[in-house]
Amino acid sequence: MTLEELWRIFPIVLQGHDPAYGQWFERARHELQAQWGPLAVRISHIGSTAVPGLLAKPTVDILLELSIGVTPRQALERLIASGWTRMSGDVLEPMRLAMNRGYTPRGYADRVFHLHVRHPGDPDELNFRDYLIDHSDVRDEYGALKRGLQKRFEHDREAYTEAKTPFIRAATVRARAQYGSRHALGRESSGAVPVVPHGVDCP
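Residues numbered from 1 in each chain as written. Predicted model: local features only at pLDDT ≥ 70, side-chain atom pairs only at ≥ 80, totals over all residues. Heavy atoms only, no water.

**Student:** How should the overall build of the protein be read in this particular structure?
**Tutor:** Per the secondary structure count, the protein includes six helices and five strands. Reading the protein from its N end, one meets helices and strands in the order α-α-β-β-α-β-β-β-α-α-α. Taken across its 203 residues, the protein has 48% of its residues classed as buried. Long-range pairs, those at least 24 residues apart, make up 69% of the contacts in the protein with a sequence separation of at least 6. (Helix = DSSP H or I, 4+ residues; strand = E, 2+ residues; numbered from the N terminus. Buried < 20%, exposed > 50% of the residue type's maximum accessible area, 1.4 Å probe, protein only. Contact = heavy atoms within 4.5 Å.)

Below you can see the structure in the form of structure tokens.
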């Protein structure tokens, strides 16, 4: 299928915050922790469903940070074997895989997940999440932006994501300045260059 055909089946849908998103995340977190054990350095709920009060696509985004000893190929093969589908990313370094669950030939399932797989050292998605939680005015501004973009790009996910990027970049710079090393993970993350989220759609 072409991207245009796919986005007709999976349009941009936005709705108010549902407290059940946290329960979805916890179930997925337990599953991932059991699968990866100590190789899962950190598993976090990110994206708009992690921010109370924020308009969001009903898709739970998860950040899975794997030990630097795990290669992208190993991560990809194991996740596919456990039922995840690749959205983007390849087997080359750096580790930047995007997987999903809940996309069916008939449209969205009852629960939809995006899994973002990284090595430790890129905490900007966590900083952005925290910044929206701590600054309700920025959260509301972001929600209004998404509502406007949804009307324009309901069937063009790439354009929707690209149009949000300037806002995300600006807020992430401010978040990084405010939080500093809040989400650093010891020596594994030392020397890493932060990368602002891009190219992969978070709700």
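**Student:** I'm lost on the nonpolar core in this one. Help?
**Tutor:** Across soluble globular proteins, nonpolar side chains have a tendency to be buried as a group. The biggest cluster of nonpolar side chains holds 23 residues, and the ones touching the most others in it are Leu-32, Trp-36, Ile-62, Leu-64, Leu-115 and Val-117. Put simply, the parts of the chain that give this core at least two residues each are α2 (20-36), β1 (40-46), β2 (59-66), α3 (72-81), β4 (96-104) and β5 (107-118). Not counting residues within four places of it along the chain, the set of residues in contact with Ile-62 comprises Phe-25, Ala-28, Leu-32, Ile-43, Ser-44, Ile-46, Phe-113, His-114, Leu-115 and His-116. Counting 12 residues, the second-largest nonpolar core is a separate cluster that includes Phe-128, Tyr-131, Leu-132 and Ala-175. (Core = buried A, V, L, I, M, F, W, Y, C linked by side-chain atoms within 4.5 Å.)

**Student:** Whenever I open this one, the packing of helix α4 (residues 124-134) against helix α6 (residues 157-179) confuses me. Can you help?
**Tutor:** Here α4 crosses α6 at 90 degrees, and the two axes come no closer than 8 Å. Classified by the angle between their axes, α4 and α6 sit roughly perpendicular to one another. The segment α4 lies against α6, with Asp-124, Asn-127, Phe-128, Asp-130, Tyr-131 and Asp-134 engaging Ile-168, Ala-171, Thr-172, Arg-174, Ala-175, Arg-176, Gln-178 and Tyr-179. Counted by class, the contact of α4 with α6 contains six nonpolar, three polar and five charged residues. (Axes fitted to C-alpha atoms, helices over the stretch in contact; angles between N-to-C directions. Parallel < 35°, antiparallel > 145°, perpendicular 65-115°, else oblique. Nonpolar A, V, L, I, M, F, W, Y, C, P; charged D, E, K, R; others polar.)

**Student:** I tried to follow the packing of aromatic side chains on my own but got confused; where do I start?
**Tutor:** In this description, a pair of aromatic rings is defined by centroid distance and the angle of the planes. Considering all chains together, one arrives at seven aromatic pairs under this definition. Here Trp-24 and Phe-113 contribute two aromatic rings whose centre-to-centre distance is 6.1 Å and whose plane-to-plane angle is 55 degrees, an arrangement assigned as tilted. Here the residue Trp-24 occupies a position in helix α2, and Phe-113 occupies one in strand β5, the gap between them amounting to 89 residues. Owing to a relative accessible area of 9%, Trp-24 belongs among the buried residues under this scheme. Residue Phe-113 is classed as buried on the basis of its relative accessible area, which comes to 11%. Their ring planes at 80 degrees and their centres at 5.5 Å tell us that Phe-128 and Tyr-142 sit as a pair that is edge-to-face. Separated by 14 residues along the polypeptide, Phe-128 in helix α4 and Tyr-142 in helix α5 (residues 136-152) bring together distant segments of the chain. We classify Phe-128 as buried; its relative accessible area is 10%. The rings of Phe-10, Tyr-103 and Tyr-108 are connected pair by pair, giving a single aromatic cluster. The residue whose ring lies beneath Arg-78 is Trp-36, and the NZ or CZ to ring-centre distance is 4.3 Å. (Phe/Tyr/Trp six-rings, centres within 6.5 Å; stacked < 30°, edge-to-face > 60°. Lys NZ or Arg CZ within 6 Å of the ring centre and 35° of its normal.)

**Student:** Help me understand the sheet that holds β4, please; the structure alone is not making it clear to me.
**Tutor:** Paired through backbone hydrogen bonds, the strands of a sheet run either parallel or antiparallel to each other. Read across the sheet, five strands follow the order β1-β2-β5-β4-β3 without closing on themselves; strand pairing throughout is mixed. Every other strand in the sheet has two partners, leaving β1 and β3 (85-88) as the edge strands with one partner each. If you compare each strand with its neighbour and ignore which way they point, the axes differ by 30 degrees on average. Sheet topology note: the β1/β2 ladder contains six bridges and is antiparallel. Across the sheet, residue His-45 finds its bridge partner in β2, namely Ile-62. Strand contacts of α2: β1, β2, β4 and β5, with the helix running at about 165 degrees to β1, the strand carrying the most contacts. (Pairing = 2+ DSSP bridges.)

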